[in-house]
Amino acid sequence: MKKTLFLALLGTTCAVTAAEVRYLAPTGKDLTVEALAPLPKRAEPLFNEAREPVAVSWAVEADAVMAFDQTPFRAESRQYYLDTTAGELAAGIEIFTTAPGALIRLSPAAGAKQASLDVADLTIKAGDREYAAAEVIRTFADEAALKATGASFARGTVAFRLLDSVGEGVIGLRVDSLAKAAGARYVVNVHEPESNLVLHATASRDSYRPGTPIAIEVGFQGAELQASDFRGYVSAPDGRSVGDLRFSTGPDGRIFGLLPRAGAASSAPGLWEAHVFADGDGPDGRVLRDARTAFALAQPSGRLTGQTGELAWSDAGLELPVGIEAAAAGRFEVRAVLFGTLADGQLVPVAVAHAATWLEAGTGEVSLSISGATLASAGAGAPYELRHLELRDQSRMRSLWRQERAFRLVP
Amino acid sequence: MRTRFAVLLCALLLATGVQAAGTGVAFVHGTGKQTDALNDYWKREFVDSVRQGLPNSSNYTVINCDFEQFMWTSGAAGCLAGQLHGFITSKNLDDVVVITHSNGGNVMRWILSNPTWDSRYPTIINATRWVNALAPSSLGTPLAEAVTQGNVFEQSLGWLLGYASDAVRMQQPSWMAYYNANYLLGTSGRPSLPKGFWNVVGTDVETAVWDGDSYCGGYTLNLGLEITQAWLDSCSDGFLECSSQTGAGQTWFYDTSRMNGREPLSHNQSRRKCFGLDVILRNDL
């Protein structure tokens, strides 16, 4: 299918026909901002300071799927982590497994002196027997092999997978060669790809505002865990912990972890995370699981005003200036999908339009443009609706506004 | 199929400076900071083989950028845009096939999904015929989460395992879910990308010592991938699950359906001259 991207010159239109523009009120499903608060005075990084306005549009098929699903991500975990030390590993630690074939990874903590481990350094205990690791592991990857995967494993990391014949339950792990590095911190990751015991964690939204509650729903497949079996916390993009999640069971039996009030937004780039830890009784013994999921948290730096400039509409196309209020100067983008009306009255997508420009603090406009050729080639016409309208702050990488039905354009 | 660039706005033609027709190919690497991707990332034999499919085999470029950064930064997408824009305008190209590998697909998809971010982006998009995305990291990978996991439960500043660059953090599945839903196009339920994004999917890692095919792309590299595959679904190239590789755009082919000897492509092999991949890409030009 041909896709032709039209680059519009803002403000260059010919004979125009006035038309009515009706703003459609947001619903509860939309992400909006009622009022803007001043942004913190501290300097924050701006990712885009380009001043040139850019507006583009392209045609889409009438049967194009435009669901804009905002269903939050559901994290799943069959693994957990243990804090330990080199001395504890040298003395021997217990690992709790719920299925054969566990994959075990040893990593020195950041800053710890890395000891070069070999499979010969490991002793595995299963039941009453001790085994040299080489007898009971399927695959062993040293630091070099793991590094070569490009997966950024820590220096000194080794990983191995147990043979299924080792079974499950409590597994002993001893690393004699670490005795001399007793105080060094290590992290043990136990991943159980064959286990049916899975921790789920889902945030209630993918975007939050400062000061609003953050709710994380947790579930456990394969075991009946209680709210008291869960712990967790929320971290900012810079890794800073901002508060614990308090877990409770609702009337419907669902378990949620709640941080009642999200803190101030962070200027560090990236997403916030909820970290969840489960420690409970599975069908055959203790089960441990860790999971985390990400979401955005940002103070709005702009909002739609619901106002527009005069709609320019002619054979050359249409251009709609969308009113924006900016809390601070930045490059703001509006994007939307133009839906047209078929002969039977059904609304179908016609074109996608994006436009961005630099705005100073205060009120301004960003103009969406769609070419006459695109409108003419579509099987659907007026009245139109601008749907799936989004406002972004490109300078601060913030998604500010999402409105499923925004404007109705009637000739 | 050629895609023409055209502007029609009240009889005003938009001058783009691109007037002569020309076909080219660009190679976009994955996560990492590259200064000599031709020799370090792709290997010269692979690039030289692929570019023989061009009418003018000198119309190629191998991108070198810092894809350790978040995809939207000046060092990542900004760098990619600068090199692609320069390539297109200096050689007067209007038909460029962009070949990406792994996270390079995400950075290219950022450009395709955010055409207003930078005034160079529309020129790049209009000159792009399509993207051939080799093992793209479109939905991220559980391995990215595995290498950034901190300690168990501490109220104080969490510490990170490994050297989790911003790009690695970004490729955690929950992070990519957010960016796919809010900033990127082409995934299920979202508007499609303005140009084709065609996935080549790697489905397995073979590390049999006695099988010479395991050595294509480097045997040591493949052994590590067999461990990491345990974190992934049964269908994976050792770094990315098949579901991630097919998460955006459209699937061109799965490796075993087209590779010589029906060989699978591990994550390293999908950027190398293995099992005829170079010939397929050459013929696609």
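Everything quoted here is computed from the prediction, not taken from an experiment.

What counts, and where the lines are drawn
Residues numbered from 1 in each chain as written. Chains lettered and ligands numbered in written order. Predicted model: local features only at pLDDT ≥ 70, side-chain atom pairs only at ≥ 80, totals over all residues. Heavy atoms only, no water. pLDDT = per-residue confidence, 0-100. Helix = DSSP H or I, 4+ residues; strand = E, 2+ residues; numbered from the N terminus. Contact = heavy atoms within 4.5 Å. Phe/Tyr/Trp six-rings, centres within 6.5 Å; stacked < 30°, edge-to-face > 60°. Buried < 20%, exposed > 50% of the residue type's maximum accessible area, 1.4 Å probe, protein only. Lys NZ or Arg CZ within 6 Å of the ring centre and 35° of its normal. Core = buried A, V, L, I, M, F, W, Y, C linked by side-chain atoms within 4.5 Å.

K.L.:
I tried to follow the confidence of the model for chain A on my own but got confused; where do I start?
P.N.:
Atomic detail in the predicted coordinates should be set aside for any region of low pLDDT. Residue and element names in this part refer to chain A. Per-residue confidence for chain A gives a mean pLDDT of 89, with 94% of residues at or over 70. Per-element confidence in chain A ranges from a low mean pLDDT of 54 for strand 1 (residues 6-8) to a high of 98 for strand 14 (residues 198-203). The low-confidence segment residues 9-16 (pLDDT under 50) makes 22 contacts with residues lying over four places distant or belonging to another chain.

K.L.:
I would appreciate a short explanation of the packing of aromatic side chains in the present structure.
P.N.:
Each aromatic ring pair is summarised here by two numbers: the centre-to-centre distance and the angle between the ring planes. For the structure on display, the rule yields 21 aromatic pairs over all chains. Relative to Phe407 of chain A, the ring of Tyr23 of chain A lies with its centre 5.2 Å away and its plane at 50°, an arrangement referred to as tilted. Separated by 384 residues along the polypeptide, Tyr23 of chain A in strand 2 (residues 20-23) and Phe407 of chain A in strand 30 (residues 398-410) bring together distant segments of the chain. Relative to Trp231 of chain B, the ring of Phe153 of chain A lies with its centre 6.0 Å away and its plane at 35°, an arrangement referred to as tilted. Note that Phe153 of chain A is positioned in the loop between helix 3 (143-148) and strand 11 (158-162) and Trp231 of chain B in the loop between helix 9 (219-228) and helix 10 (242-245), a pairing that runs across two chains. In this structure Phe153 of chain A comes out as buried when scored by relative accessible area, which is 7%. A relative accessible area of 6% means that Trp231 of chain B is categorised as buried. The aromatic ring of Phe96 of chain A is capped on one face by Arg286 of chain A, whose charged end is 4.7 Å from the ring centroid. If you follow Arg129 of chain B out to its NZ or CZ, it ends over the ring of Trp130 of chain B, 5.1 Å from the centre.

K.L.:
Got a minute to help me understand the nonpolar core in this structure?
P.N.:
What tends to happen in soluble globular proteins is that the nonpolar side chains get buried as a cluster. Met71, Trp72, Leu80, Met108, Trp110, Ile111 and Tyr179 of chain B are the most contacted members of the largest nonpolar core, which totals 54 residues. By residue number, the principal contributor to this core is helix 3 (residues 74-90) of chain B, which donates eight residues. Ignoring any residue separated from it by four or fewer positions in sequence, one finds Trp110 of chain B in contact with Met397 of chain A together with Met71, Trp72, Ala77, Trp117, Tyr121, Tyr183 and Leu184 of chain B. Within the second largest apolar cluster, 35 residues are counted, among which are Ala353, Leu375, Tyr384 and Leu389 of chain A.

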